[in-house]
Amino acid sequence: MLTAAVLLFLLILSVYDLREKALPLWILLMGAALIVPLSLWMKGPAQVIAGCVPGVFLLAVSLALPHCLGAGDGLVVMTVGAAWGLSACLGWILMGFLLAAAVSLWKMLIRKESGKEQLALLPFLLIAAIGECLL
C-alpha cells in the first residue's frame with residue numbers, strides 16, 4: 001500500500017513536472033500528509049527521519065542554487081525517503097540522476113541541443129522508483 005501511494009504520488013507529480021516545469025504545492029502537501037504518517041506507523045520515527053536526510057540536502061541545494069534544482073524536488077525526495085528509508089532512497093536518487101544525466105548527454109551530443117533548457121527531474125525519479133520496486 002505504501003509503495004503504491006509513493007508510485008501514484010510520483011506519477012502525478014511527474015506529469016505536472018513535464019507539462020509545467022513546476023510542482024503544485026497542494027499535491028506535495030497532500031502526498032506528504034498521506035505518506036509520512038503511514039511511514040511512521042509502518043517503519044517508526046528513526047527510519048523515517050533518516051530517509052528524509054537526502055531530501056533535506058536537496059532542498060538546501062535548491063535554496064542555494066534555485067536555477068539548478070527546484071525546491072519541490074527536495075520535498076518529493078523527503079516524502080519518498082520517509083517511506084523507503086535512507087539506503088533505498090539513496091539508490092533511487094542515484095539511479096534517477098544517472099538516467100537524467102544520460103538523457104542530457106544524449107540531447108547535447110546526439111541531438112546537438114544547447115543544454116541550457118531545464119530538464120524535468122521527476123520523470124527520471126519515477127522510472128528509477130519503478131525499477132527500485134521491480135528489483
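A brief report on the enclosed structure follows.

Right, let's get into unusual backbone geometry. With phi around 55°, lysine 21 is a residue other than glycine that occupies positive phi space. Looking at where lysine 21 falls in the secondary structure, it is placed in the loop between helix 1 (2-20) and helix 2 (25-43). When its relative accessible area of 41% is taken as the criterion, lysine 21 is described as partly exposed.

For helix 6 (residues 122-134), with 13 residues, the first-to-last C-alpha span of 18 Å sits near the 18 Å given by 1.5 Å per residue. Taken as a whole, helix 6 has its buried residues at Leu122, Pro123, Phe124, Leu125, Leu126, Ala128 and Ala129. The inward-facing, buried residues of helix 6 abut helix 1, helix 4 (71-84) and helix 5 (86-109).

Our focus in this paragraph is the nonpolar core. Judged by nonpolar contacts, the single largest core of 30 residues is most densely connected at Leu10, Leu13, Val76, Val80, Trp84 and Trp92. Excluding its chain neighbours within four sequence positions, the residues that come into contact with leucine 10 are Val76, Val80, Trp92, Leu122, Leu125, Leu126 and Ala129.

The next thing to look at is the packing of helix 1 against helix 6. Relative to each other, helix 1 and helix 6 sit at 155°, their axes nearing to 8 Å. When the axis of helix 1 is compared with that of helix 6, the two are roughly antiparallel. Classified by chirality, the crossing of helix 6 by helix 1 is left-handed. Of helix 6, the residues touching helix 1 (which contributes Thr3, Leu7, Leu10, Leu11, Leu13, Ser14, Asp17 and Leu18) are Leu122, Pro123, Leu125, Leu126, Ala129, Ile130 and Cys133. Broken down by class, the residue content of the contact of helix 1 with helix 6 amounts to twelve nonpolar, two polar and one charged.

This next bit is on helix 2. Because each turn of an α-helix spans 3.6 residues, side chains separated by three or four positions in sequence point in the same direction. Compared with the 27 Å implied by 1.5 Å per residue over 19 residues, the 26 Å span of helix 2 between its first and last C-alpha is a close match. Within helix 2, burial applies to Ile27, Leu28, Gly31, Ala32, Ile35, Leu38 and Ser39. In the core, the buried residues of helix 2 are packed alongside helix 1, helix 3 (45-64) and helix 4. Glycine 44 sits one or two positions beyond helix 2 and adopts a positive phi of about 95°.

Our focus in this paragraph is the packing of helix 3 against helix 5. The geometry of helix 3 relative to helix 5 is characterised by a closest axis approach of 7 Å and an angle of 35° between their N-to-C directions. Between helix 3 and helix 5, the residues in contact are Ala50, Gly51, Pro54 and Leu58 and Leu86, Cys89, Leu90, Ile93 and Phe97, respectively. Considering only residue class, the contact of helix 3 with helix 5 consists of eight nonpolar, one polar and no charged.

Each value, and the rule that gives it
Residues numbered from 1 in each chain as written. Predicted model: local features only at pLDDT ≥ 70, side-chain atom pairs only at ≥ 80, totals over all residues. Heavy atoms only, no water. Helix = DSSP H or I, 4+ residues; strand = E, 2+ residues; numbered from the N terminus. Buried < 20%, exposed > 50% of the residue type's maximum accessible area, 1.4 Å probe, protein only. Expected span 1.5 Å × (residues − 1). Contact = heavy atoms within 4.5 Å. Core = buried A, V, L, I, M, F, W, Y, C linked by side-chain atoms within 4.5 Å. Axes fitted to C-alpha atoms, helices over the stretch in contact; angles between N-to-C directions. Parallel < 35°, antiparallel > 145°, perpendicular 65-115°, else oblique. Left-handed = near helix turned anticlockwise from the far one by under 90°. Nonpolar A, V, L, I, M, F, W, Y, C, P; charged D, E, K, R; others polar.

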